[in-house]
Structure formats: structure tokens, C-alpha cells
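Inside the fold
What follows is the residue order along each chain.
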Amino acid sequence: MKDLLRMRTSLSEEIETLLNEQIKVEAHSSATYLAMSSWCNRQGFDVSADYFMKQSHEEREHMLKLFNYVSDLGGHAISPEVVNIPQEYDSFRDVFEKALQQEIFVTQQFNRLADHCMKAKDFVTFNFLQWFLQEQVEEEYVARRALELFDVIGEEGTGRYEIDKAIRKISYDNGGDE
Amino acid sequence: MPTPTNLHELFRTAFGAVYQCNRYNCYFVEFAGGISPFKVADFLDLKQHVDAINVAEMAKNPARAADVYVLMPNRSERCFVLTLTEVLRFQELLQGAKAMMALNSILHECLYSPAYC
Ligand SMILES: [Fe+2]
Ligand SMILES: [Fe+2]
């Protein structure tokens, strides 16, 4: 008897569901960064507003990467419903703290996903996830560096103005290239 | 209707059956007095939908509208009007069929090799 399930897609129902959940997480991240960008704009933190806007675009690209993967393998990629986006933040520092927390959550999600793939012996998806796991190293690094500026520069006086300017200079370099 | 040789019974209960059609690469679901075809993805959608029906809510909600669940599967002529018992029977049927499909996949992976058989 023909294997119709496998002919439709190589993704198991479990992995397909988990990938769709991750699509939703990335969409939520994208929308959250957009809200952060808006908040920074309203408070006059011009550079940070641009920084979060750029992050928002990147998260959408992550979402599409996952989305296209599910589609390409014959699965059902679900356009996610995005709800509960926090629009208000207590302080400039609070925005960056929430951003780091979000990236940590995303890293944990990808670790769990990779674990499931390993257990399900889905090495194709496991391999696909390597890019994201690597990307999360950079994402966490940048978010952590940004938050550290609040201690390094200090918020007193023109501190927040300086912090905002310094955000633009953060870049990730794992030392491998030069 | 496809010829019987193309139709394999995947799972049967006292209240229905699911067949695989190797000619059209689809499944036939026989339940509640009718038989209808579903493409693979549509069958999986149907199963997810039926699994998600809140039977506890149907049981405790006294409103008459909650006595039945109206199910209109995508891309299908069929419309199911299910009582609580029928929902449970339908769930059992679809879950059993899905398990047999998964088993068939495992057998294929273990036994089927175009190069050797
Ligand atoms: Fe991301
Ligand atoms: Fe990120």
C-alpha cells in the first residue's frame, strides 16, 4: 500500500506543528520589536528606534525562512495570528531588558526544537535549524551588549543620549574573519 | 467510485471506516451515513478539527445549539451534524485511521526499497 503521508511531506505532524509554532514566535518577535521602535521614537531615542526597526525586519525574515521551509517540504505553513504585543515600557532600560529576555526565549525555543528533531531522527530539519542556532548567538550578544551600555555609560546627565548614540556601534564579530 | 482493488481498508469501527484509495491518492471516510473522499492534507485538517471539538463544553452547556456540532470540512461536499456521542465516535475513527497511516509509513521506511524488491 502506498505511503500517502510520506508522499505529501517528509515532515512529521509533530515537527510541522513545532515549526509553525516557531513561525508564530518569530512573527511575535517582529511585532514586539516594532512596538519597541515606536516607543523609542516617542521618547526621542532616534538611533534605538532605527535599531529596533531593523531588528523587526530581521525577525520577519526569520519567520519567512521557517515558513518557506515548511512550504518547500510539502507541509502546511500557517500564517500566524499575532496578539498581545506589549506597547508600553517602564523606561529606556526596560526596553533593552525585554529585548534580551525575548532573545533568550527564542534561543530556548530553538534548542527545544533541535532536541525534538534529534529524537524524531529528522536530521534534515535538524540541519536546517543550525543557521538559527548560530544566529541566536549573535542576537543574544547584541542584545546583551546594548543592555550593558546602561552600566558602562550610566544614565545620569546626558547618559541616555550617549547610550542611544552608542547603540549604533554595536556589532558582532566572533573573531574568525580577520 | 474507484474499483475495490484500489481501495484498502485502513481502519474500521462499529460506526464507520476509513479507506485508502491508491488510484486517486486520497482517503475515503465512511461515517454517519455517507462516504466521501479527502485529499491527504484535507484528511489531516479534518482530524485536527474533530480532535479540537470541545466535548466537555457540549456536555455541560444547556443551550440547544450546543447539543450538536456542525462540521463543514474544507473542499468537501460533506456536512456533518454530530451529536456528542458521534463526535467521540468520529474522533476514535479518525485517530485509529491516522495511527494506521503512521504505521504504514514506518513499514515503508523499514521494508520498502526500490533497489532490492
Ligand atoms: Fe529570530
Ligand atoms: Fe532575534
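The name an unreviewed UniProt entry assigns to chain A is Ferritin, from the organism Rufibacter roseus. Listed under Function (unreviewed entry) in UniProt, the entry text for chain A is "Iron-storage protein."

Let's talk about the coordination of the iron ion (ligand 1)
All names here are of chain A. For the iron ion (ligand 1), the protein coordination sphere consists of Glu26 (OE), Glu59 (OE) and His62 (ND1), at 2.1 to 2.2 Å. Mapped onto the polypeptide sequence, the residues donating to the iron ion (ligand 1) form the spacing pattern E-x32-E-x2-H. A distance of 3.4 Å spans the gap from the iron ion (ligand 1) to the iron ion (ligand 2), which glutamate 59 bridges by coordinating each metal. A residue pair is termed long-range when its members are at least 10 positions apart, and glutamate 26 in helix H2 (residues 13-43) and glutamate 59 in helix H3 (residues 46-72) qualify at 33 residues. The burial state of glutamate 26 is the same as that of glutamate 59; both residues are buried.

Considerations on the packing of aromatic side chains
According to the stated counting rule, one finds 19 aromatic pairs over all chains in the structure shown. Relative to phenylalanine 150 of chain A, the ring of phenylalanine 96 of chain A lies with its centre 5.6 Å away and its plane at 50°, an arrangement referred to as tilted. Separated by 54 residues along the polypeptide, phenylalanine 96 of chain A in helix H4 (residues 92-119) and phenylalanine 150 of chain A in helix H5 (residues 123-152) bring together distant segments of the chain. Each of the two residues, phenylalanine 96 of chain A as well as phenylalanine 150 of chain A, counts as buried. Taken together, the aromatic side chains of Tyr33, Trp39, Phe45, Tyr51, Phe52, Tyr89, Phe92, Phe96 and Phe150 of chain A make up a single cluster linked through ring pairs. If you follow lysine 65 of chain A out to its NZ or CZ, it ends over the ring of tryptophan 131 of chain A, 4.1 Å from the centre. The ring of phenylalanine 15 of chain B carries the charged tip of arginine 89 of chain B above its face, separated from the ring centre by 3.7 Å.

Observations regarding the UniProt feature "domain: Ferritin-like diiron" (unreviewed entry) in chain A
When the UniProt feature table is mapped onto this chain numbering, "domain: Ferritin-like diiron" (unreviewed entry) sits at residues 9-154 of chain A. In the segment residues 9-154 of chain A, helix accounts for 79% and strand for 0%; the C-alpha atoms at its two ends are 54 Å apart.

Some remarks on the interface of chain B and chain A
Buried accessible area, meaning the area lost when the parts come together, often serves as the stated size of an interface. Taken residue by residue, the interface counts 19 residues in chain B and 10 residues in chain A. Across the interface of chain B and chain A, roughly 1300 Å² is buried in total on both sides, 56% from carbon and sulfur atoms. At the surface where chain B touches chain A, the tally comes to one salt bridge. On the surface where chain B and chain A come into contact, there are eight residue pairs in polar contact (both at pLDDT 80 or more). Elements with a minimum of two residues in the side of chain B that touches chain A: strand E1 (7-13), strand E2 (16-21), strand E3 (26-31), helix H1 (40-51) and helix H3 (84-111) of chain B. Among the elements that make up the side of chain B that touches chain A, the one with the highest residue count is H3 of chain B (six residues).

Concerning the nonpolar core
If you look at the biggest cluster of nonpolar residues, it comprises 27 residues, and the most contacted ones within it are Cys40, Phe52, Phe92, Val95, Phe96 and Ile167 of chain A. Elements supplying a minimum of two residues to this core: H2, H3, H4, H5 and helix H6 (159-167) of chain A. Element by element, the count of residues in this core is highest for H5 of chain A, at six residues. Ignoring anything within four residues of it in the chain, the contact list for phenylalanine 92 of chain A reads Trp39, Cys40, Phe45, Ser48, Phe150, Arg160, Ile163 and Asp164 of chain A. Counting 24 residues, the second-largest nonpolar core is a separate cluster that includes Leu71, Leu82, Val87 and Leu94 of chain B.

Points about the side chain of serine 30 of chain A
Structurally, the position occupied by serine 30 of chain A is in helix H2. By relative accessible area, which is 12% here, serine 30 of chain A ends up buried.

A look at the packing of H2 of chain A against H3 of chain A
Residues and elements named next belong to chain A. One can describe the packing of H2 onto H3 by two numbers: an axis separation of 8 Å at closest approach and a directional angle of 165°. Of the possible angle classes, the one that applies to H2 and H3 is roughly antiparallel. Relative to H3, the crossing made by H2 is left-handed. Looking at side-chain class alone, the contact of H2 with H3 contains 15 nonpolar, nine polar and five charged residues.

With respect to the sheet that holds E3 of chain B
Residue and element names in this part refer to chain B. Overall, antiparallel pairing links the four strands, which are arranged E1-E2-E3-E4 in an open sheet. Whereas interior strands pair on both sides, the edge strands pair on one side only; in this sheet they are E1 and strand E4 (34-39). Each strand axis lies, on average, 20° off the axis of its neighbour in the sheet, ignoring direction. Direction of pairing for E2 relative to E3: antiparallel, over a ladder of six bridges. Opposite tyrosine 19, over in E3, you have phenylalanine 28 as the bridge partner. On top of the sheet, H1 reaches E2, E3 and E4; it is set at about 115° to E4, its chief contact.

Calculation criteria
- Every residue gets a number counted from 1 within its own chain, in the order that chain's sequence is written.
- Ligands are numbered from 1 and chains lettered from A, in the order in which they are written.
- Local features in a predicted model are, by the rule used here, given only for residues with pLDDT of at least 70; side-chain atom pairs are given and counted only at 80 or more, and totals for whole chains, interfaces and linings are based on all residues.
- With hydrogens and water excluded, all non-hydrogen atoms of the structure serve as input to the side-chain values.
- UniProt positions are given in the numbering used here, feature names are shortened, and annotations may be inferred rather than shown by experiment.
- Distances decide who is a donor: an N, O or S atom must be within 2.8 Å of the metal, or within 3.2 Å for Na, K and Ca. Water is not included, so sites may look incomplete.
- Put simply, DSSP H or I for four residues or longer makes a helix, DSSP E for two residues or longer makes a strand, and each gets a number counted from the N terminus.
- Burial status follows relative accessibility: with a 1.4 Å probe on protein chains alone, a residue under 20% of its type maximum counts as buried, one over 50% as exposed, and anything between as partly exposed.
- Classification of ring pairs rests on two measures: the distance between centres of Phe, Tyr or Trp rings, Trp counted by its six-membered ring, which must be within 6.5 Å, and the angle between planes, read as stacked under 30 degrees, edge-to-face over 60 and tilted in between.
- When the NZ atom of lysine or the CZ atom of arginine is within 6 Å of a ring's centre and also within 35 degrees of its normal, the charge is said to sit over that ring.
- Contacts are assigned to residue pairs that have any heavy atoms within 4.5 Å of one another.
- Note on definitions: buried area is the accessible-area loss of two parts on being combined, 1.4 Å probe, summed for both.
- In what follows, salt bridge is the name for a side-chain nitrogen of Lys or Arg lying within 4 Å of a carboxyl oxygen of Asp or Glu.
- Here a polar contact is recorded for every N or O atom pair within 3.5 Å, except that within protein the pair must consist of a potential hydrogen donor and a potential acceptor, and residues adjacent in sequence are included only if both atoms are side-chain atoms.
- The definition of a nonpolar core used throughout is a set of buried Ala, Val, Leu, Ile, Met, Phe, Trp, Tyr and Cys residues joined through side-chain atoms within 4.5 Å.
- With axes taken as lines fitted to C-alpha atoms, and helix axes fitted only over the stretch in contact, angles between N-to-C directions fall between 0 and 180 degrees.
- These descriptions rest on fixed angle ranges, namely under 35 degrees for roughly parallel, over 145 for roughly antiparallel, 65 to 115 for roughly perpendicular, and the rest for oblique.
- Here a crossing is taken to be left-handed if its near helix is turned anticlockwise relative to the far helix by less than a right angle, and right-handed if that turn runs clockwise.
- In this classification, Asp, Glu, Lys and Arg are treated as charged, Ala, Val, Leu, Ile, Met, Phe, Trp, Tyr, Cys and Pro as nonpolar, and every other residue, Gly included, as polar.
- Following DSSP output, two strands are said to pair if at least two bridges run between them.

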